[in-house]
Amino acid sequence: MTDAPHSDPAFRKFERGRVADRIMEDLRDQILRGALPDGSRLPAERDLAEQYGVSGATVREAVRALTAMGLVSVRHGSGSFVTASADRMIAVSIASAIQLKNVGAAEVLDILGTLNAHAAQAAAVHATDEEIAALRAAAEQLASIDSVDESVHALKRFLHLLSEISHNALLATLCKFFDEIQVELGIAISGGRKLSEWRRIAGALYAHRLAVVEAIEARDGDRAAELVKTYHQRALELVTAAPQAEQIRIADLRYSQVIASLLHTQPAAGPR
């Protein structure tokens with residue numbers, strides 16, 4: 001008796017499912033395992049079709065699914081590139097959950113406070129002296145900036161450093177996403193780029209940020225965590241005291257736009 005093509009059980013199982021889905025799952029697995037690293041170019045459509053024994057249309061369907069997940073970016077005329085950024089994948093997942101569950105801004109900021117408190121506690125233990133010095137420099141820089149754009153950049157740098165020096169990669173990625181929401185909300189309720197209102201919110205927290213740095217410098221993790229919680233509580237009070245306070249609920253256009261912008265930010269298109 002002659003064996004049928006692809007008689008291996010693994011191939012039989014592969015062929016019984018929707019072929020495009022199976023190809024997508026196989027490529028996704030290779031991307032997540034690092035066999036197809038971030039920034040690398042996928043094999044040409046013709047090569048993938050030959051490899052999987054399918055048509056070009058089936059390959060295109062699989063690649064479209066990977067693109068929708070944010071794992072692949074298609075550059076017309078150049079090919080398809082892996083864009084497997086952990087930051088983006090987590091951002092898409094959490095932003096989707098926020099929209100699906102109608103999570104309010106206050107709840108989001110509360111989560112960020114808990115995450116950053118844990119990050120500060122870990123930083124007090126694991127951060128190097130050089131990393132803590134960089135955190136202090138980032139905090140102090142915020143006091144001497146008169147441009148809202150530069151201040152926003154400096155604030156994000158401070159918040160990102162706080163989580164990065166915890167030396168917990170997953171925690172840092174989660175904090176970075178929620179940091180973006182906090183800062184963008186601050187911009188939204190301060191009238192966009194209105195310096196006086198931005199200073200009222202961001203500037204009032206200067207002493208709180210320095211206190212957190214000092215606790216980390218003293219390697220006092222418990223105190224650092226408590227000070228971060230105080231910082232976030234004060235930030236929430238400043239946000240809710242703004243004239244636009246009633247506009248930061250999920251039904252509000254501004255908050256929705258902040259979440260949508262994080263959800264739909266396009267990944268890098270790959271090397272040119």
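Just so you know, these numbers come straight off a predicted model, no measurement behind them.

**Some words on the overall build of the protein**
Turning to step 1, where the next piece is worked out: Check the secondary structure of the protein and you find 13 helices and two strands.
Turning to step 2, where the next piece is worked out: Burial statistics for the protein: of 272 residues in total, 45% are counted as buried.
Turning to step 3, where the next piece is worked out: Sequence-distant contacts in the protein: of pairs separated by 6 or more residues, those separated by 24 or more amount to 72%.
Turning to step 4, where the next piece is worked out: Carbon together with sulfur atoms contributes 52% to the accessible area of the protein, which is approximately 14,400 Å² in total.

**Section: the nonpolar core**
Turning to step 1, where the next piece is worked out: One finds L135, L155, F158, L162, V183, W198 and I216 to be the most contacted residues of the largest nonpolar core, which totals 38 residues.
Turning to step 2, where the next piece is worked out: Per element, the largest residue contribution to this core is eight residues, and it comes from helix α8 (residues 148-164).
Turning to step 3, where the next piece is worked out: I31, V59, L66 and V82 belong to the second-largest nonpolar core, a separate cluster that totals 18 residues.

**Examining the environment of A207**
Turning to step 1, where the next piece is worked out: Tracing the sequence through the fold places A207 in helix α11 (residues 206-217).
Turning to step 2, where the next piece is worked out: Overall, A207 belongs to the exposed group, its relative accessible area being 54%.

**Describing the pairing of strand β1 (residues 72-75)**
Turning to step 1, where the next piece is worked out: Two elements, β1 and strand β2 (residues 79-82), share four bridges in a ladder whose sense is antiparallel. When the sheet's bridge partners are listed, V72 is paired in β2 with V82.
Turning to step 2, where the next piece is worked out: Counted between consecutive antiparallel strands, the loop separating β1 from β2 contains three residues, among which G77 sits at a positive phi close to 90°.

**Quick look at α11**
Turning to step 1, where the next piece is worked out: With 12 residues, α11 should cover 16 Å at 1.5 Å per step; its first-to-last C-alpha distance of 17 Å lies within 8% of that length.
Turning to step 2, where the next piece is worked out: Along α11, the residues that are buried comprise R209, L210, A211, V212, V213, A215 and I216.
Turning to step 3, where the next piece is worked out: Where α11 ends, the next residue or the one after it, R219, has phi of about 60°, a positive value.

**Focus on the side chain of D179**
Turning to step 1, where the next piece is worked out: Within the secondary structure, D179 sits in helix α9 (residues 169-189).
Turning to step 2, where the next piece is worked out: The buried charged residue D179 lacks any salt bridge, with K176 as its nearest oppositely charged partner at 9.0 Å.
Turning to step 3, where the next piece is worked out: If sequence neighbours within four positions are ignored, D179 has contacts with L112, N116, L159 and H160.

**Details of the packing of aromatic side chains**
Turning to step 1, where the next piece is worked out: One pass over the full model with this rule turns up one aromatic pair.
Turning to step 2, where the next piece is worked out: Geometrically, the ring pair formed by F177 and F178 is edge-to-face, given 5.2 Å between the ring centres and 75° between the ring planes. Exposure class is identical for F177 and F178. Each is buried.

Calculation rules
- Residues numbered from 1 in each chain as written.
- Predicted model: local features only at pLDDT ≥ 70, side-chain atom pairs only at ≥ 80, totals over all residues.
- Heavy atoms only, no water.
- Helix = DSSP H or I, 4+ residues; strand = E, 2+ residues; numbered from the N terminus.
- Buried < 20%, exposed > 50% of the residue type's maximum accessible area, 1.4 Å probe, protein only.
- Contact = heavy atoms within 4.5 Å.
- Areas by Shrake-Rupley, 256 points an atom, 1.4 Å probe, with all protein chains shown as cover.
- Core = buried A, V, L, I, M, F, W, Y, C linked by side-chain atoms within 4.5 Å.
- Pairing = 2+ DSSP bridges.
- Expected span 1.5 Å × (residues − 1).
- Lys, Arg positive; Asp, Glu negative; His and termini not counted.
- Salt bridge = Lys/Arg side-chain N within 4 Å of Asp/Glu carboxyl O.
- Phe/Tyr/Trp six-rings, centres within 6.5 Å; stacked < 30°, edge-to-face > 60°.

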